[in-house]
Amino acid sequence: MKYASLLMLLASVAHAGKFATDIKDLGDRNPARRGAAFYKLAFASSAATDDLVNGLKASSAPVRIQCLNLLGRTRNTKGLAAAANAAKKDSDWMVRREAVSTLSRFDDPRATSILQDAALHDAVINVRLEALTRYSRERGLRAIPFLKKFTADPNIMARLVSARELARDGDASGRELALSSLRARSPYIRQEAIGVLGYIGKRADEDKLKRIADDPKEAVLIRFDARRMIRHMDLAREPAAQQLSTLKSAMADSAQATRLWAASELAERGDSASLAALKEVARDQNAVGRVEAARALFTLESR
């Protein structure tokens, strides 16, 4: 037994730092080297967990962010503990934002508690919004009582994000807030307002979104989002049994914007049939929407 324990200890020491060079390369200026390191670590999965946890001590914020992204894929307790610590203590808000995204992948009471705390109390609104969105998307209907706490939040972005997430579950209580926010000077506020109205799906609001989509003076991204939500509203009016077929056809459309919309819709749905459709397109070497499908799947894996 003593010899067995000694061998195990030696093996763990030999393994420690096995991926240290790859983790360092996550912060390399060369995008090819960064990409190679990321994919190697992604495929190594749980074998790289200890090194990824150590990577959170790196002075480079981009390295810490990538380590958190990869730890979310392992879904083990070490990754949970490391992400929890980063969400509470890291000095860089972008690292904390990635940490809450990683935590959302763990269906664990500890992760839930930290996500809620970040959504309510983080000093940076970007972190709060990420925590709120991820908590909603991963917890589904269980998140509704928590989302309703933000209807009176002093920050309008927090109110709009909670309204958007509630609208995805059929709650139209944020409509008046969204309508008034369409006149805001901030493009970020207008963008969120468009999302709320798109998920609520009233025909009267569709006309407003069409005017925004056709306004040459409006920001390109705002117009893009308006068109995307108009497509979403049209899709939502189709019989449920037909919607998947519509999205599959859109994945083969000659317009990239249409393919991107269809891929994001399929990814957002996240059910087995939608994911199967994305995988089918991604694996087809001749498919027009192959790249968009692969990107959507990769984004899902990174959450």
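The structure presented is a predicted model; accordingly, all values stated were derived computationally and were not measured.

1. Notes on helix α14 (residues 203-213)
Then, number 1: Listing the buried residues of α14 in full gives D205, E206, L209, I212 and A213. Angular distribution of buried residues about the axis of α14 spans 115 degrees; they occupy a single face of the element. In α14, the exposed positions angled more than 90 degrees off the buried face are occupied by R203 and R211.
Then, number 2: Elements in contact with the buried residues of α14: α12 (175-181), α13 (187-200) and α15 (220-236).

2. As for a nonpolar patch on the surface
Then, number 1: Among the surface-exposed residues, Y39, F43 and F298 lie close enough to one another that they form a single nonpolar patch of about 370 Å² accessible area.
Then, number 2: Within the secondary structure layout, Y39 lies in helix α3 (residues 31-44).

3. Examining the pattern of salt bridges
Then, number 1: One pass over the structure, following the stated rule, counts 23 salt bridges.
Then, number 2: When the shortest N-O distance is used, the salt bridge between R164 and E192 registers 2.8 Å. A residue pair is termed long-range when its members are at least 10 positions apart, and R164 in helix α11 (residues 156-168) and E192 in helix α13 qualify at 28 residues.
Then, number 3: Using a relative accessible area of 16% as the deciding quantity, one classes E192 as buried.
Then, number 4: With a closest N to O distance of 3.8 Å, K210 and E206 form a salt bridge. Note that K210 and E206 are positioned in helix α14 at a spacing of four residues, about one turn of the helix.
Then, number 5: A residue is classified by how much of its surface remains accessible, and E206, at 5% relative accessible area, is buried.

4. A short note on helix α17 (residues 256-269)
Since the α-helix turns once every 3.6 residues, residues separated by three or four places project in the same direction.
Then, number 1: If you check α17, its first and last C-alpha atoms are 20 Å apart, about what 14 residues at 1.5 Å a residue would give, namely 20 Å.
Then, number 2: Of all the positions in α17, only T258, R259, W261, A262, A263, E265, L266 and A267 are classed as buried.
Then, number 3: Backbone geometry just after α17 places G270 at a positive phi near 70 degrees.

5. Quick word on the environment of A163
Then, number 1: When you line up the elements, A163 lands in helix α11.
Then, number 2: For the pair A163 and T258, spaced 95 residues apart in sequence, the C-alpha separation works out to 26 Å.
Then, number 3: Apart from the residues within four sequence positions on either side, A163 is in contact with G174 and V196.

6. Brief notes about the packing of aromatic side chains
Then, number 1: Applying the stated criterion across every chain, the model contains two aromatic pairs.
Then, number 2: Ring centres of Y135 and F146 lie 5.2 Å apart, and the angle between their planes is 70 degrees; on these two criteria the pair is classed as edge-to-face. Placement of the pair is Y135 in helix α9 (residues 125-139) and F146 in helix α10 (residues 144-147), with a sequence separation of eleven residues.
Then, number 3: The class of F146 is buried, set by a relative accessible area of 5%.
Then, number 4: Here F146 and F150 contribute two aromatic rings whose centre-to-centre distance is 5.2 Å and whose plane-to-plane angle is 75 degrees, an arrangement assigned as edge-to-face.

7. Quick word on the nonpolar core
Then, number 1: Counting residues in hydrophobic clusters, the biggest one holds 66 residues, and the most contacted among them are L26, L41, L52, L103, I194 and L209.
Then, number 2: Those residues in contact with L41, other than ones at most four positions away along the chain, are F19, D22, I23, L26, A48, L52 and L70.

8. Points about the packing of α14 against α15
The packing of two helices is summarised by the inter-axis angle and the distance between the axes.
Then, number 1: The interhelical angle for the contact between α14 and α15, taken along N-to-C directions, is 145 degrees, at an axis separation of 8 Å. In this structure, α14 meets α15 at a crossing whose hand is left-handed. In this structure, α14 contributes D205, E206, L209, K210, I212 and A213 to the contact, and α15 contributes I222, R223, A226, R227, M229, I230, M233 and D234.
Then, number 2: Tallied by class, residues from the contact of α14 with α15 come to eight nonpolar, no polar and six charged.

9. A closer look at the environment of R175
Then, number 1: Tracing the sequence through the fold places R175 in helix α12.
Then, number 2: With a relative accessible area of 19%, R175 lands in the buried category.
Then, number 3: With 25 residues separating them along the chain, R175 and I200 place their C-alpha atoms 7.4 Å apart.

10. Here we look at the side chain of T102
Then, number 1: Tracing the backbone shows T102 in helix α7 (residues 93-103).
Then, number 2: Within the structure, the side chain of T102 is placed 2.8 Å from the backbone oxygen of L68, a separation counted as a polar contact.
Then, number 3: Setting aside anything within four residues of it in sequence, one finds T102 in contact with L68, N69, L71, G72 and A83.

11. Some points on the environment of A119
Then, number 1: Along the chain, A119 falls in helix α8 (residues 109-121).
Then, number 2: When its relative accessible area of 1% is taken as the criterion, A119 is described as buried.
Then, number 3: Note: C-alpha distance between A119 and R185 (66 residues apart in sequence) is 25 Å.
Then, number 4: Apart from residues no more than four positions distant in its own chain, A119 is found in contact with R128, A131, L132, F146 and F150.

Thresholds, definitions, all that
Residues numbered from 1 in each chain as written. Predicted model: local features only at pLDDT ≥ 70, side-chain atom pairs only at ≥ 80, totals over all residues. Heavy atoms only, no water. Buried < 20%, exposed > 50% of the residue type's maximum accessible area, 1.4 Å probe, protein only. Helix = DSSP H or I, 4+ residues; strand = E, 2+ residues; numbered from the N terminus. Arc of directions from axis to C-beta. Contact = heavy atoms within 4.5 Å. Patch = residues over 30% accessible without salt bridge, like charges linked within 9 Å, V, L, I, M, F, W, Y side chains within 5 Å. Areas by Shrake-Rupley, 256 points an atom, 1.4 Å probe, with all protein chains shown as cover. Salt bridge = Lys/Arg side-chain N within 4 Å of Asp/Glu carboxyl O. Expected span 1.5 Å × (residues − 1). Phe/Tyr/Trp six-rings, centres within 6.5 Å; stacked < 30°, edge-to-face > 60°. Core = buried A, V, L, I, M, F, W, Y, C linked by side-chain atoms within 4.5 Å. Axes fitted to C-alpha atoms, helices over the stretch in contact; angles between N-to-C directions. Left-handed = near helix turned anticlockwise from the far one by under 90°. Nonpolar A, V, L, I, M, F, W, Y, C, P; charged D, E, K, R; others polar. Polar contact = N/O pair within 3.5 Å; in protein donor to acceptor, adjacent residues only side chain to side chain.

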